[in-house]
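Single-letter residue listing:
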Amino acid sequence: MRAPPARELALYEEAFDFLAARGWPQVSIDCRGFDPDQVAAELLRQVQGAYGTHDV
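About the thresholds
Residues numbered from 1 in each chain as written. Predicted model: local features only at pLDDT ≥ 70, side-chain atom pairs only at ≥ 80, totals over all residues. Heavy atoms only, no water. Phe/Tyr/Trp six-rings, centres within 6.5 Å; stacked < 30°, edge-to-face > 60°. Lys NZ or Arg CZ within 6 Å of the ring centre and 35° of its normal. Salt bridge = Lys/Arg side-chain N within 4 Å of Asp/Glu carboxyl O. Buried < 20%, exposed > 50% of the residue type's maximum accessible area, 1.4 Å probe, protein only. Helix = DSSP H or I, 4+ residues; strand = E, 2+ residues; numbered from the N terminus.

### Re the packing of aromatic side chains
- Counting across every chain of the model gives 0 aromatic pairs.
- Between arginine 22 and the ring centre of phenylalanine 18, over which it is positioned, the NZ or CZ distance is 3.5 Å.

### Digging into the pattern of salt bridges
- Enumeration according to the criterion identifies 2 salt bridges in this entry.
- Arginine 32 serves as the salt-bridge partner of aspartate 30, at 2.5 Å between the closest nitrogen and oxygen.
- We classify aspartate 30 as partly exposed; its relative accessible area is 44%.
- For arginine 32, a relative accessible area of 69% translates into the label exposed.
- Between arginine 45 and glutamate 42 there is a salt bridge, with its nearest N and O atoms 2.9 Å apart. Placement of the pair is arginine 45 and glutamate 42 together in helix α2 (residues 36-51), with a separation of 3 residues, close to one helical turn.
- Classification of glutamate 42 as buried rests on a relative accessible area of 16%.

So, in structure tokens, the structure goes:
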């Protein structure tokens, strides 16, 4: 059984806070209104910003 959207979002936020508190780099991307290509481009932009283009 799948969690309702509000509960699913709360779980993602809880995981975000848990990992961030332990020093894991985190980024939250609001993809509302993005098509799949825009989501992929934003993910790539975030990774390149964190690690540079030579490592991607």
